[in-house]
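Next come the chains, spelled out residue by residue.
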Amino acid sequence: MLKKLKSLLTQEEEAFALLKNQYPLIANKSDAEILSYFELERSEIVAFSKDFKNLYEETKHHPLEQNTICKCTDANNQPKNLYNTREEAEKTRSFLKTSQNTTLTIYHCPHTKGWHLSKG
Ligand SMILES: [Zn+2]
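Owing to the predicted nature of the structure, the values given are computational and were not obtained by experimental measurement.

### Looking at the overall build of the protein
So, step 1. From N to C terminus, the protein includes four helices and two strands.
So, step 2. Taking 120 residues into account, the globule formula puts the C-alpha radius of gyration at 14 Å, and the protein, at 17 Å, lies well above it.
So, step 3. Projected onto the principal axes, the alpha-carbon positions of the protein cover approximately 55 × 30 × 20 Å.
So, step 4. Each of the 120 residues in the protein was classed as buried or not, and the buried ones make up 11%.
So, step 5. Sequence-distant contacts, at least 24 apart, represent 46% of the contacts inside the protein between residues at least 6 apart.

### Some details on the environment of K97
So, step 1. Examined against the element boundaries, K97 turns out to sit in helix α4 (residues 86-100).
So, step 2. If near-sequence neighbours (up to four positions away) are discounted, K97 is found in contact with T102 and T103.

### Digging into the domain arrangement of the protein
So, step 1. Under the domain assignment used here, the protein contains domain 1 (1-61) and domain 2 (66-120).
So, step 2. Here domain 1 and domain 2 have C-alpha centroids that lie 26 Å from each other.
So, step 3. Every contact between the two is made by four residues of domain 1 and, on the other side, four residues of domain 2.
So, step 4. Taken together, the residues of the side of domain 1 that touches domain 2 sort by class into two nonpolar, two polar and no charged.

### Topic: the environment of E90
So, step 1. Looking at the element boundaries, E90 is found in helix α4.
So, step 2. The sequence separation of E90 and T105 amounts to 15 residues, and the corresponding C-alpha distance is 9.0 Å.

### Digging into the confidence of the model for the protein
So, step 1. Looking at the protein as a whole, the pLDDT averages 85, with 90% of positions reaching at least 70.
So, step 2. The least confident element of the protein is helix α3 (residues 45-61), whose mean pLDDT is 79; the most confident is strand β1 (residues 105-108), at 95.

### Regarding the pairing of strand β2 (residues 115-118)
So, step 1. Pairing analysis gives four bridges linking β1 to β2, with the strands arranged antiparallel. What sits directly across from Y107, in β2, is H116.

### Observations concerning the environment of S118
So, step 1. In this structure, S118 sits in strand β2.
So, step 2. Considering only alpha carbons, one finds S118 and Q100, 18 residues apart in sequence, at a separation of 15 Å.
So, step 3. Apart from the residues within four sequence positions on either side, S118 is in contact with L104, T105 and Y107.

### Points about unusual backbone geometry
So, step 1. If you check the backbone angles, E39 has positive phi at about 55° while not being a glycine.
So, step 2. With a phi close to 55°, N101 is a non-glycine residue in the positive phi region.
So, step 3. Within the element layout of this structure, N101 appears in the loop between α4 and β1.
So, step 4. Judged by local crowding, N101 falls into the exposed class, with 8 C-beta atoms found within 10 Å.

Procedures and definitions
Residues numbered from 1 in each chain as written. Predicted model: local features only at pLDDT ≥ 70, side-chain atom pairs only at ≥ 80, totals over all residues. Helix = DSSP H or I, 4+ residues; strand = E, 2+ residues; numbered from the N terminus. Rg over C-alpha atoms; globule rule 2.2 N^0.38 Å. Buried ≥ 20, exposed ≤ 12 C-beta atoms within 10 Å, placed from the backbone. Contact = placed C-beta atoms within 7 Å. Domains from an automatic or database assignment. Nonpolar A, V, L, I, M, F, W, Y, C, P; charged D, E, K, R; others polar. pLDDT = per-residue confidence, 0-100. Pairing = 2+ DSSP bridges.

As structure tokens, then:
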């Protein structure tokens, strides 16, 4: 029982550390302030950070060439990320909003059933 509690606390600590590491904005805030920043309950922080980590790795490491289905490009002529579902695009959109303060809009790919994010 105690061991279980301890491992949960470690996970929470790691979750906070991960988020602080990625969001310079909250690096100096207390745990409680961070929870209120993300509008989370303490019990949600571990799952949130895992989700966050996955998205982070995805946006960072998944090269855009993943998208071999449509030929849509961005302003720099780079192939755009294609999201299979609106939920997926929405998730990445809110991730980029909080992590990089970038506001993007979601639109339907004109050539496939997927979705893209756009700065415009
Ligand atoms: Zn497209």
